[in-house]
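Observations on the model geometry
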Amino acid sequence: MQELLTRTDSTQQQMNNIRRLGQLQADKQWQDEERVNIRFPEGDPRLQLISHLDKSQDLLASLKDVGRVICKEVKNDGIRSGRGSRHVEIYHLISTSTLVQVFYGIAELEGKRYAVMEDIRDDPTLAAMVDSTELNDTLTRLHLAYEVASAVAYLHSVGIVVKNISDVNIVLKRLEDRRRFRPCLTNLEDSRKVSGAG
């Protein structure tokens, strides 16, 4: 009788382990997103779809406590084996005060996965502003160049190499005083991670 009870307990423990393993496997695709608490499952009330954007696969949405955001489809080549999306790999290394486009998380919308990003469509690029009278001042240009260089140096210090820095993927965000700008690096998902940094 004791042997039967021992076998029953062992079988029950094995069944619990199998159930736990099944749950872990079911959650595997969200592994990194949950670790940094940036998962928006289908139907999440925090993220409301507004519309499809013309001429792209992007979506316009509203994120609670933030406002308008852009949702960029995460392509299959952005998924690393067992690691989640490339966005998560890159952005979980970065301080929130870094001068980069804000990444809010990975969302499941309409059966696809999207990176939920800051909406910067209304902000001009450095390319569009380079001849502007607002950037004629040498000190302003030096300050912007310094901030971009500092952001890139920080990214390198945490092991992120930005593949393409140009005036078309640096956005200028107007500060509250309406006279100054803050540069913002975009397209970080195209960056490369390197080991041995820090």
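Please refer to the structure placed before this passage.
So, a few notes on the structure that sits alongside this text. (Residues numbered from 1 in each chain as written. Predicted model: local features only at pLDDT ≥ 70, side-chain atom pairs only at ≥ 80, totals over all residues. Heavy atoms only, no water.)

The next thing to look at is the overall build of the protein. Counting its secondary structure elements, the protein contains five helices and twelve strands. Per-residue burial over the protein gives 35% buried out of 198 residues. In the protein, once contacts between residues fewer than 6 apart in sequence are set aside, the share between residues at least 24 apart is 60%. Total accessible area on the protein stands at roughly 12400 Å², and carbon and sulfur atoms take up 50% of it. (Helix = DSSP H or I, 4+ residues; strand = E, 2+ residues; numbered from the N terminus. Buried < 20%, exposed > 50% of the residue type's maximum accessible area, 1.4 Å probe, protein only. Contact = heavy atoms within 4.5 Å. Areas by Shrake-Rupley, 256 points an atom, 1.4 Å probe, with all protein chains shown as cover.)

This part covers the sheet that holds strand β8 (residues 112-118). If you walk across this open sheet you meet the six strands as β1-β7-β8-β4-β3-β2, and the pairing is mixed. In the strand order of this sheet, the two ends are held by β1 (39-40) and β2 (47-52), each with one partner. Relative to β8, strand β4 (residues 67-73) is paired through five bridges, and the arrangement is antiparallel. When the sheet's bridge partners are listed, lysine 72 is paired in β8 with alanine 115. (Pairing = 2+ DSSP bridges.)

A few words on the environment of lysine 75. With respect to the element layout, lysine 75 can be found in the loop between β4 and β5 (79-80). Residue lysine 75 is classed as partly exposed on the basis of its relative accessible area, which comes to 43%. Each C-alpha atom of the pair lysine 75 and lysine 112 lies 9.3 Å from the other, and the pair is 37 residues apart in sequence.

Don't take any of this as a statement about function, it's just geometry.
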